[in-house]
Amino acid sequence: MEEKKLSFKTRLSYSFGDLACNILFAATANMASYFYTNIVGMSAAVVGTILLLSRMFDGFSDAIMGVIVDRTKSKYGKARVWVLRMIIPFGAAAVLMFMVPAHASAMAQAIYVFITYNFAVTIVYTALNLPYGAMAVLMTTSQNERTVLNMYRMCIAPLGAVVVTAFTLPMANRLGGDQRAWIMISIGYAIISMILLFICFLNCKEQVSEDPTAVADTAVPVGKSIGALFKNRYWLIIAGVFILWGMYFSLNGMMVSYYAQYALGNNERVTLLTGEWDQWVCAGGGIKKKTGFGSVFVGKIGREVFCGAGDSGGVVGREVSEEGCGVCEGVSWMPVPVGREGGGWD
């Protein structure tokens, strides 16, 4: 029997969830370090240390949240309910990051940043994005529909990161360029994100149910589950891709604002360096049978030009990098549902 296709409203609403997530992700990965060092005036070494420790904690929180989601039982399902639960914490986290006490001591500021940044990244983002990612396999059993969901996700979601990275600095400059301007912008982002998350929750239903008896009979201890991951070749491939991708995206995202200010002489030129990303990610999302290796090579060439060239060369290099690595990102999300099912426990 042919499975019923998901509606356009459902597909679009699903993409809104990651669109909201990308707003917070871009704020933490791309703009937070610039804000802490150039607006608040914190030491780059202190900020870098805090961000490094936070990312290490984030790795542990992901594993813990995976176990929590797997054991969640509610009338809204095991993953969808977390989208609802995290709406208000998500909005609060997006604003609290930028409310660093301006006149506090360096130590007090560092403690505040450590707490609020980890609240945003290690707790809220993990508790939202991880269940959200699991929703696709709970909304349909059709591999084709899951691929389509991820295509919508890859076309729409990166807009959040593009908008935050490209327009935050120009908007902040026009609002005065001080901490108050950044707080106002973060409040706007938080409101928009909360609305998007509620739409996602409202229109995306979990259709794949599990037999409680079967689940109890096939329950696998956490330790054994972790061991089984390393026997799942699809998971290993996807994990390797995302480790490399995370390294690239973190370095690229954090340095682009500094590059625009100190290499190009105007921090508002960050708009030129980020504006084309989404269209290439969307293009990648439509190539579900391609490996993306050629795209990575193109992106690598662009990255070398971007880092080594001056004004016009840097912009051109960035453009080439976005074409290659943008396509690669769109492609990289396609096999995720396969990795889930490749181990045989579904």
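Presented here is an overview of the structure given in this document.

How each quantity is defined
Residues numbered from 1 in each chain as written. Predicted model: local features only at pLDDT ≥ 70, side-chain atom pairs only at ≥ 80, totals over all residues. Heavy atoms only, no water. Buried < 20%, exposed > 50% of the residue type's maximum accessible area, 1.4 Å probe, protein only. Helix = DSSP H or I, 4+ residues; strand = E, 2+ residues; numbered from the N terminus. Contact = heavy atoms within 4.5 Å. Axes fitted to C-alpha atoms, helices over the stretch in contact; angles between N-to-C directions. Parallel < 35°, antiparallel > 145°, perpendicular 65-115°, else oblique. Left-handed = near helix turned anticlockwise from the far one by under 90°. Nonpolar A, V, L, I, M, F, W, Y, C, P; charged D, E, K, R; others polar. Phe/Tyr/Trp six-rings, centres within 6.5 Å; stacked < 30°, edge-to-face > 60°. Core = buried A, V, L, I, M, F, W, Y, C linked by side-chain atoms within 4.5 Å. Salt bridge = Lys/Arg side-chain N within 4 Å of Asp/Glu carboxyl O.

**Let's talk about helix α4 (residues 87–96)**
- Those residues of α4 lying buried are Ile87, Phe90, Gly91, Ala93, Ala94 and Val95.
- Lining the buried residues of α4 we find α1 (8–40), α3 (80–85), α5 (106–139) and α8 (179–203).

**Overview of the packing of α4 against α5**
- Running from N to C, α4 and α5 point in directions that differ by 150 degrees, and their axes come no closer than 9 Å. As the angle between them shows, α4 and α5 are arranged roughly antiparallel. When the axes of α4 and α5 are compared, the crossing they make is left-handed. From α4, Pro89, Phe90, Ala93 and Leu96 reach across to α5, where they touch Tyr112, Thr116, Phe119, Ala120, Val124 and Leu128.
- Its residues assigned to classes, the contact of α4 with α5 shows nine nonpolar, one polar and no charged.

**Quick look at the packing of aromatic side chains**
- Scanning the model with the defined rule gives eleven aromatic pairs in all.
- Note on Tyr34 and Trp182: the rings are 6.4 Å apart at their centroids and 25 degrees apart in plane angle, and the pair reads as stacked. Residue Tyr34 is found in helix α1, and its partner Trp182 is found in helix α8; the two are separated by 148 residues along the sequence. As far as burial versus exposure is concerned, Tyr34 and Trp182 are alike and both buried.
- Ring geometry for Tyr76 against Phe201: centres 5.1 Å apart, planes inclined by 80 degrees, an arrangement best described as edge-to-face. Linking Tyr76 in the loop between α2 (44–70) and α3 with Phe201 in helix α8, this pair joins segments that are 125 residues apart in sequence.
- The class for Phe201 is buried, based on a relative accessible area of 6%.

**Observations concerning the side chain of Ser61**
- Secondary-structure assignment places Ser61 in helix α2.
- Setting aside residues up to four positions removed in sequence, Ser61 forms contacts with Thr122 and Thr126.

**Remarks on the side chain of Ser193**
- Among the structural elements, Ser193 can be located in helix α8.
- In this structure Ser193 comes out as buried when scored by relative accessible area, which is 1%.
- Once residues within four sequence positions are removed from consideration, Ser193 is found in contact with Ala20, Ile23 and Phe90.

**Digging into the nonpolar core**
- In terms of nonpolar packing, the biggest core is built from 68 residues, with Tyr14, Tyr36, Met97, Met135 and Trp182 touching the most fellow members.
- Mapped onto this core, the elements with two or more residues apiece are α1, α2, α3, α4, α5, α7 (158–174), α8 and α11 (233–263).
- Other than its neighbours up to four places away in sequence, Met97 contacts Leu24, Ala27, Thr28, Phe35, Tyr36, Thr116, Tyr117 and Ala120.

**Some details on the pattern of salt bridges**
- Counted according to the given criterion, the structure contains three salt bridges.
- A salt bridge links Arg153 to Asp18, with the shortest nitrogen-to-oxygen separation between them at 2.9 Å. Residue Arg153 is found in helix α6 (residues 143–156), and its partner Asp18 is found in helix α1; the two are separated by 135 residues along the sequence. As far as the burial class goes, Arg153 and Asp18 line up, both buried.
- When the shortest N-O distance is used, the salt bridge between Lys78 and Asp70 registers 3.6 Å.
- Under the relative-accessibility criterion, Asp70 is labelled exposed at 54%.

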